[in-house]
Amino acid sequence: MKKREKICVLMSGGVDSSAVAYLYQKQGYEVIGLTMDILQKRLTDAEKVAKKLGIEHHYVDLHAEFNQKVVEYFIQSYRQGLTPSPCIMCNQEIKLGILAEKAFELGADFIATGHYAKIKDGKLYKGSDPNRDQSYFLFGVKKAIFKKLLCPLADLSKEETRSLAFEAGLEIHNKKDSQDVCFVENGKYQTLFNPPPPCGNIVDKNGKILAKHNGIINYTIGQRRGLNIGGGEILYVTGIDADKNQVVVGSIPDMIKTQITINNINWLGDEEPKDFTCEVKLRSRQQPIPADIHFLDNNTAEVIFKEPVSYGIASGQGCCFFAQNQVLGGGFII
RNA sequence: UGGGGUAUCGCCAAGUGGUAAGGCAUCGGUUUUUGGUACCGACAUUCGGUGGUUCGAAUCCAUCUACCCCAG
């Protein structure tokens, strides 16, 4: 990378992406900032940071795209009894999809983000700290992007990242980390559903009615709280039947699975995908578990766990492949 | 309307004279760029009602009420 190459930083106005912009500017690259407009409120912190750093900054209007690819996907998933993974979808479709394209249109040689993941030789790896690793959220990103993507925070601690922002004199250096569903207030995504979803029954595996639910969108597989069924053993959601508008509950043994099927696979490995053994993550914060991947076709595969999994595995969530520290892609749980 | 039994937090349930365990549920918090899990904390001045015995009762007595079972 030559110093006068142009790096476009995808800026959210948060600590991480701001630190990235500062980092490359400090190193002498030509840096521009790009921020997507998606919500009612414009992320003006990004603009302020860019101004403070003295770098060029642009907004890209992605209201329609975000609405369709993330919000609508989110709503439709829940309506179908699935549990959506909006962050995965946003990364692959919006941030490192359309927004990245805009960056290249603006003449960027590389794009950079504040993701806590490592990119090396066009391949995706875990970030150093397993507790902060965000590579899981990137398994669906198109392979070609990684050749042009920079994620320089992979080896930094959060404190080091914050001190970079502080060093740059940025007000946002102590801004709180983002969490919850970003496109809705306080993570209360239920407000997106209008009209509200219909109430229905909570049943056991034999179909016996145990209680009422206030819409299947409020539940996900493995969920314990909110069932309002007391007196007996601990119950978890073991199934969601959108057709019958029912939530099925049971105990831990009822959740155990030895294999799952995934589709919409995004393959990031070098060679053509074929059956292999690796580790998988079924949610962002969990220890990877060993599994055999058996491809049914290029888009679909069975994932057979070496040990049965006894926590909730929800359809709609991502299953990410890891070979050691490298991310080989992943798919969505059917 | 004869006999027997049971009545303790929303549910289940310890406790039989010494000053209300626990579990589930619920609520709050921690963790977390998705949902969830897990973890931590809170949660009956009161034991169906009313009297009585006792220094002291959810625990003993009386009575009322409700429900259950067996005989009708």
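These figures come from a predicted structure and were not determined experimentally. (Residues numbered from 1 in each chain as written. Chains lettered and ligands numbered in written order. Predicted model: local features only at pLDDT ≥ 70, side-chain atom pairs only at ≥ 80, totals over all residues. Heavy atoms only, no water.)

A.B. asks: Would you mind going over the pattern of salt bridges with me for this structure?
C.D. replies: Any two side chains of opposite charge can pair if their charged atoms end up close together. Tallying each qualifying case throughout the model produces 12 salt bridges. For K158, the salt bridge is made with D177, and the minimal N-O distance between the two is 3.1 Å. With K158 in helix α5 (residues 158–167) and D177 in the loop between α5 and β8 (200–203), the pair connects residues that are 19 residues apart, well separated along the chain. The partner of R162 in a salt bridge is D177, and the shortest N-O contact between them spans 3.0 Å. Taken together, the positions of R162 in helix α5 and D177 in the loop between α5 and β8 put the pair 15 residues apart, joining distant regions of the chain. (Salt bridge = Lys/Arg side-chain N within 4 Å of Asp/Glu carboxyl O. Helix = DSSP H or I, 4+ residues; strand = E, 2+ residues; numbered from the N terminus.)

A.B. asks: What exactly am I supposed to notice about the sheet that holds strand β7 (residues 149–150) here?
C.D. replies: For sheets, the rule is that strands pair by backbone hydrogen bonds, running either parallel or antiparallel. Strand order in the open sheet formed by 5 strands is β3-β2-β1-β4-β7, and the pairing between neighbours is parallel. The open sheet has two free edges, formed respectively by β3 (56–61) and β7, since each of these has just one partner strand. Relative to strand β4 (residues 110–112), strand β1 (residues 6–10) is paired through 3 bridges, and the arrangement is parallel. Looking at β4, one finds that I7 is bridged to F110. The strands touched by helix α1 (residues 15–26) within the sheet are β1, β2 (30–37), β4 and β7, with β1 carrying the most contacts at an inclination of about 165°. (Pairing = 2+ DSSP bridges. Contact = heavy atoms within 4.5 Å. Axes fitted to C-alpha atoms, helices over the stretch in contact; angles between N-to-C directions.)

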